[in-house]
Amino acid sequence: MSPTEGDTKVSFYFSKRASGGTGSPIVENLSASSGSVSTVWNTGGISTGTYYIFAKTTDDVNPPIITYYTSPVVINNSGIQPPTDLQGSRTGSTAALTWKPSTSPNVIGYNVLYTDEPYVGGYKYHKSTNYEDQAVIENLDPEKEYCFCVAAFDDNGNSSIESNKYCTSELGTPEISLNRTSLTFGAVSNGESTSSQRIFISNSQNGTLNWTLTSSES
């Protein structure tokens, strides 16, 4: 931080999100007049989880400057072992997830954390489940990418750190394609009646389409 004015102040914060510039203070209004600022963060009373650290620089003249540390900080004060080997599959608006359960005692459930902003740190949504090793997440937007992780919790409300991350790409809106639009049976061509015919149906996206063939005399 060079050069600096005498009234330049730096504050440090932590947050579950890696953007937005809002969080809980670590320390506030440190003087930056010497050109450098440092502090020590005591994480003893911080809940287990993954956090993003950022600094806010102010001088009472210019707009605040917010700078995020590039890597998240993982804090595990609960001692609960996280679930591992998270895997999944996605069909349309539904994702099916499986994982290896936590090996810690007194684990009573899991929180599935997920987001539709995979390039922004943190998770916007969560779903709790009592199943030991699986969950189904519904109502996803086929046009968006998603990332998921899982954390175990015990009967005292303590949580483990997150599992590995599982991400899916956007599926797009499925569209059906036909190589012909109608079939005609019983027609006479060159003195012979038409025989068996074929129609090919394909899906141009990764989603699922339900379709029905109907007959028409017209």
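One can find the structure itself at the top, above this paragraph.
Parameters at a glance
- Residues numbered from 1 in each chain as written.
- Predicted model: local features only at pLDDT ≥ 70, side-chain atom pairs only at ≥ 80, totals over all residues.
- Heavy atoms only, no water.
- Core = buried A, V, L, I, M, F, W, Y, C linked by side-chain atoms within 4.5 Å.
- Buried < 20%, exposed > 50% of the residue type's maximum accessible area, 1.4 Å probe, protein only.
- Helix = DSSP H or I, 4+ residues; strand = E, 2+ residues; numbered from the N terminus.
- Contact = heavy atoms within 4.5 Å.
- Salt bridge = Lys/Arg side-chain N within 4 Å of Asp/Glu carboxyl O.

Novice: Teacher, can you tell me more about the nonpolar core here?
Specialist: Soluble, globular proteins show a tendency: their nonpolar side chains are buried together. Counting 16 residues, the largest nonpolar core has Leu97, Trp99, Val112 and Phe148 as its most contacted members. Secondary-structure elements contributing two or more residues to this core are β7 (94-100), β8 (107-115), β10 (134-137) and β11 (146-154). Considering each element in turn, this core owes the most residues, four residues, to β11. Apart from residues lying up to four places away in sequence, Leu97 is in contact with Leu86, Gln87, Gly88, Val112, Asp133, Gln134, Ala135, Ile137, Phe148 and Tyr166. Phe14, Tyr51, Ile53 and Ile75 belong to the second largest nonpolar core, which has five residues in total.

Novice: When you look at the pattern of salt bridges in this model, what are you seeing that I'm missing?
Specialist: Where charged atoms of side chains with opposite charge meet at close range, the side chains can pair. As enumerated under the stated definition, the model contains four salt bridges in all. In this structure, Arg17 engages Glu117 in a salt bridge whose closest nitrogen and oxygen atoms are separated by 2.8 Å. You can see Arg17 sitting in the loop between β1 (9-15) and β2 (24-31) and its partner Glu117 sitting in the loop between β8 and β9 (125-129), a full 100 residues away along the chain. Overall, Arg17 belongs to the partly exposed group, its relative accessible area being 22%. In this structure, Asp116 engages Lys144 in a salt bridge whose closest nitrogen and oxygen atoms are separated by 3.3 Å.

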